[in-house]
Amino acid sequence: MIDMGVVRAEVEAARAELLDEEDNPKAILSLGTRKRVWRAMIDPEDPEASYQHRIELKMACVRRVQHYWEQYHPGDQRVQEMLDLAQSLLDGQETNTRKALKQAKKFRKDVWTDDSDWSEEDERATYAAYGAVFMVVSACSRDPYADVTGPETNDSDLLPDVIETSYSCACAETGAMNSVRVHQTDVPARRAFWLWYLDEAIPAVLAG
């Protein structure tokens, strides 16, 4: 059983980190903090439900920023295809994880190859695509602890080979990675994304 008291405490700690404008002027929700929230969301007695919560949360993030891809690439349904693939993995309809990984990695390669001008709109679309790619990669592992293992506490520790989906989607909303200077970052957009993540997306996933 999930200890909802622990979940609420970790979410509140995350909100405090996010809203501390003096020590956190960029409104970054660190990977280490997110890991603590994810760990609290795991039900050790129900690994399947924990896996479903993990992937549904990533899918919610991708859906929130999907429009950046579709506006920049009209008619291109590849982000939606990634969402459909993740749902198929989640439901057990797609069991060939090697095939799913190949499809996701091809999309990532195509996105990187297609990028040339790196306008703000291009960057937002690309981050949305990367979030979708790594959502599928994550969905290929049914280990509920997959996201909380490892010593990394900053998203930059995972780059360039891995980008955690919620971080990539926050970059899509912001138009910038955490490393970009504060005056070049849409801080209100980043803060709004993470507040949605903590106050709406996580409760909705756990309630569902």
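Here goes a summary of the coordinates provided. Please read all numbers here as calculations on a predicted model, not as lab measurements.

1. A few points about the nonpolar core
(1) Moving on: Core analysis: the largest hydrophobic core is formed by 64 residues, its most contacted members being Met 135, Val 136 and Tyr 197.
(2) Moving on: For this core, the elements supplying multiple residues, two or more each, are α1 (4–19), α2 (31–40), α3 (47–72), α4 (78–91), α5 (97–114), α6 (120–139), α7 (165–174) and α8 (187–207).
(3) Moving on: At 11 residues, α6 tops the list of elements feeding residues into this core.
(4) Moving on: Non-local contacts of Met 135, meaning those with residues more than four positions away in its chain, are made with Lys 58, Met 59, Val 62, Met 82, Leu 83, Ala 86 and Thr 165.

2. Brief notes about the packing of aromatic side chains
(1) Moving on: As enumerated under the stated definition, the model contains 5 aromatic pairs in all.
(2) Moving on: Judged by centre distance (5.4 Å) and plane angle (90 degrees), the ring pair of Trp 69 and Phe 107 falls under edge-to-face. Of this pair, Trp 69 sits in helix α3 while Phe 107 sits in helix α5, and the two are 38 residues apart along the sequence. With respect to burial, Trp 69 and Phe 107 carry one shared label: buried.
(3) Moving on: Summarising the aromatic geometry, the rings of Phe 193 and Tyr 197 are spaced 6.4 Å apart at their centres and angled 25 degrees between planes, so their arrangement reads as stacked. Here the residue Phe 193 and the residue Tyr 197 both occupy positions in helix α8, the gap between them amounting to 4 residues, near one helical turn. Across this residue pair, the class does not change: Phe 193 and Tyr 197 are buried.
(4) Moving on: Aromatic ring contacts, followed pair by pair, group Phe 193, Trp 194, Trp 196 and Tyr 197 into a single cluster.

3. Some details on the environment of Ser 30
(1) Moving on: Mapped onto the elements, Ser 30 comes out in the loop between α1 and α2.
(2) Moving on: Sequence separation between Ser 30 and Phe 107 is 77 residues; the distance between their C-alpha atoms is 27 Å.
(3) Moving on: Excluding anything up to four places from it in sequence, Ser 30 contacts Glu 17 and Thr 153.
(4) Moving on: Within the local environment of Ser 30, its side chain forms a polar contact with the side chain of Thr 33, the two groups lying 2.9 Å apart.

4. Let's talk about the side chain of Arg 54
(1) Moving on: Structurally, the position occupied by Arg 54 is in helix α3.
(2) Moving on: Buried and unpaired, Arg 54 has no salt bridge, with Asp 147 as the nearest side chain of opposite charge at 4.3 Å.
(3) Moving on: Contact partners of Arg 54, with chain neighbours within four places excluded, come to Ser 138, Ser 141, Arg 142, Asp 143, Pro 144, Ala 146 and Asp 147.

5. Thoughts on the packing of α4 against α6
(1) Moving on: Across the interface, α4 lies against α6 with an axial gap of 9 Å and an inter-helix angle of 15 degrees. In terms of orientation, α4 lies roughly parallel with respect to α6. When you trace α4 past α6, the crossing you get is left-handed. On α6, the residues that touch Val 79, Met 82, Leu 83, Leu 85, Ala 86 and Leu 89 of α4 are Ala 129, Ala 132, Val 133, Met 135, Val 136 and Ala 139.
(2) Moving on: Each residue belonging to the contact of α4 with α6 can be placed in one class, and the counts come to 12 nonpolar, no polar and no charged.

The rules behind the values
- Residues numbered from 1 in each chain as written.
- Predicted model: local features only at pLDDT ≥ 70, side-chain atom pairs only at ≥ 80, totals over all residues.
- Heavy atoms only, no water.
- Core = buried A, V, L, I, M, F, W, Y, C linked by side-chain atoms within 4.5 Å.
- Buried < 20%, exposed > 50% of the residue type's maximum accessible area, 1.4 Å probe, protein only.
- Helix = DSSP H or I, 4+ residues; strand = E, 2+ residues; numbered from the N terminus.
- Contact = heavy atoms within 4.5 Å.
- Phe/Tyr/Trp six-rings, centres within 6.5 Å; stacked < 30°, edge-to-face > 60°.
- Polar contact = N/O pair within 3.5 Å; in protein donor to acceptor, adjacent residues only side chain to side chain.
- Lys, Arg positive; Asp, Glu negative; His and termini not counted.
- Salt bridge = Lys/Arg side-chain N within 4 Å of Asp/Glu carboxyl O.
- Axes fitted to C-alpha atoms, helices over the stretch in contact; angles between N-to-C directions.
- Parallel < 35°, antiparallel > 145°, perpendicular 65-115°, else oblique.
- Left-handed = near helix turned anticlockwise from the far one by under 90°.
- Nonpolar A, V, L, I, M, F, W, Y, C, P; charged D, E, K, R; others polar.

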